[in-house]
Amino acid sequence: MNSTPPLPLLVFSDLDGTLIDHQTYSAAAADPALKALKSCGAGLVMASSKTGPEISRIRDALGWSDWPAIIENGAGVLPPKDAGLKDSAQYDQLRGHLNTVPQHLRSLFRGFGDMDAADVAKTTGLPVDAARLAKTRAFSEPGLWDGTVAQRAAFLDHLAGQGVTGREGGRFLTLSFGQTKADRMAEMIDQYRPDHTIALGDAPNDIEMLETADIGVIIANPHRAPLPPLKGETDGRITRTRLAGPQGWNQSILALLDTLQLT
């Protein structure tokens, strides 16, 4: 007999520009909603392009280390209470494929593996010690693209022939072997079987996750173009916030907990 209590709600949340402020990297504005989730017995799965060590630190600081996290845009999963230090064999293979791209296209993509910690810190706004964690990759390669749309298509077409895909996030073009946040989300829903699911995100790599959840929330991000209309917006299953980052996250979660009668 299964003695595990039923899970009322499982929340899947992007980090940068969503739960975490795009510029300050603080989640303080979301504290009331985070406490409310704890109070009602909900689970929180952080889903980001960040590495295992990065998310482990954030997850511990916010008090959600008992829950798994989706790391590197869905390319991997960080188990509960895990520090996130993994074998880099898949990342090394990915970098090998990247370096077969013709030089006139390869030179237009500057990945984290092409930068030292100081460069990553300057690019992301992270402190240098946090930038070092961002470079400890196991599955995927984020980077800056500096070419045209047509050149980007040619770049990704070459990589697709080797099983590598590219996904646009809030800040970077991230390369991986294809698994997405939504793939991992489906696995966790099957595992935990929550009564309700909510997904929150602000970038193109969050779209599948937003459309998969029972309720999706597009967090406003003034630093990028708005997401296109998504399936589920016309019937109100997916909504958009007016407030950006953790302020919008906080307001949305508190309102949804009230709607779901979980307060």
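For the structure given in this document, a descriptive report is provided here. (Residues numbered from 1 in each chain as written. Predicted model: local features only at pLDDT ≥ 70, side-chain atom pairs only at ≥ 80, totals over all residues. Heavy atoms only, no water.)

**Digging into the sheet that holds strand β9 (residues 196-201)**
Move 1: A sheet is described by the order of its strands in space; here five strands give the open sequence β2-β1-β9-β10-β11, paired in parallel fashion. Pairing within the sheet leaves two strands with one partner each, and these edge strands are β2 (43-46) and β11 (238-244). Taking the axes of each pair of neighbouring strands and ignoring which way they run, one obtains an average angle of 20 degrees across the sheet.
Move 2: Note that strand β1 (residues 9-13) and β2 share four bridges and pair parallel. Residue pairing for β2: V11 is matched across the bridge by L44. (Pairing = 2+ DSSP bridges. Helix = DSSP H or I, 4+ residues; strand = E, 2+ residues; numbered from the N terminus. Axes fitted to C-alpha atoms, helices over the stretch in contact; angles between N-to-C directions.)

**Concerning the pattern of salt bridges**
Move 1: As enumerated under the stated definition, the model contains 16 salt bridges in all.
Move 2: A salt bridge links R137 to E72; its shortest N-O distance comes to 3.9 Å. Of this pair, R137 sits in the loop between α6 (128-134) and β6 (141-145) while E72 is found in the loop between β3 (69-71) and β4 (76-78), placing the two residues 65 residues apart along the sequence. Comparing R137 with E72, the two get one shared label, buried.
Move 3: A salt bridge links R184 to E187; the shortest N-O distance between them is 3.5 Å. One end of the pair is R184 and the other is E187, both in helix α8 (residues 181-192) and three residues apart, which spans about a single turn.
Move 4: Through salt bridges that share partners, R95, R106, D114 and E141 make up one connected network. (Salt bridge = Lys/Arg side-chain N within 4 Å of Asp/Glu carboxyl O. Buried < 20%, exposed > 50% of the residue type's maximum accessible area, 1.4 Å probe, protein only.)

**Some points on the environment of H223**
Move 1: Tracing the backbone shows H223 in the loop between β10 (215-220) and β11.
Move 2: What makes H223 partly exposed here is its relative accessible area of 44%.
Move 3: Sequence spacing of H223 and E233 is 10 residues, and the spatial spacing of their C-alpha atoms is 22 Å.
Move 4: Setting aside chain neighbours within four positions, we find H223 in contact with H22 and Q23. (Contact = heavy atoms within 4.5 Å.)

**Re the sheet that holds strand β5 (residues 109-111)**
In a beta sheet, neighbouring strands pair by backbone hydrogen bonds and run either parallel or antiparallel.
Move 1: Pairing is antiparallel in the open sheet, where four strands are placed in the order β5-β6-β8-β7. Both edges of this open sheet fall to β5 and β7 (165-168), since each of them pairs with a single strand only. When strand polarity is set aside, the average angle formed by the axes of neighbouring strands in this sheet is 35 degrees.
Move 2: Two elements, β5 and β6, share three bridges in a ladder whose sense is antiparallel.

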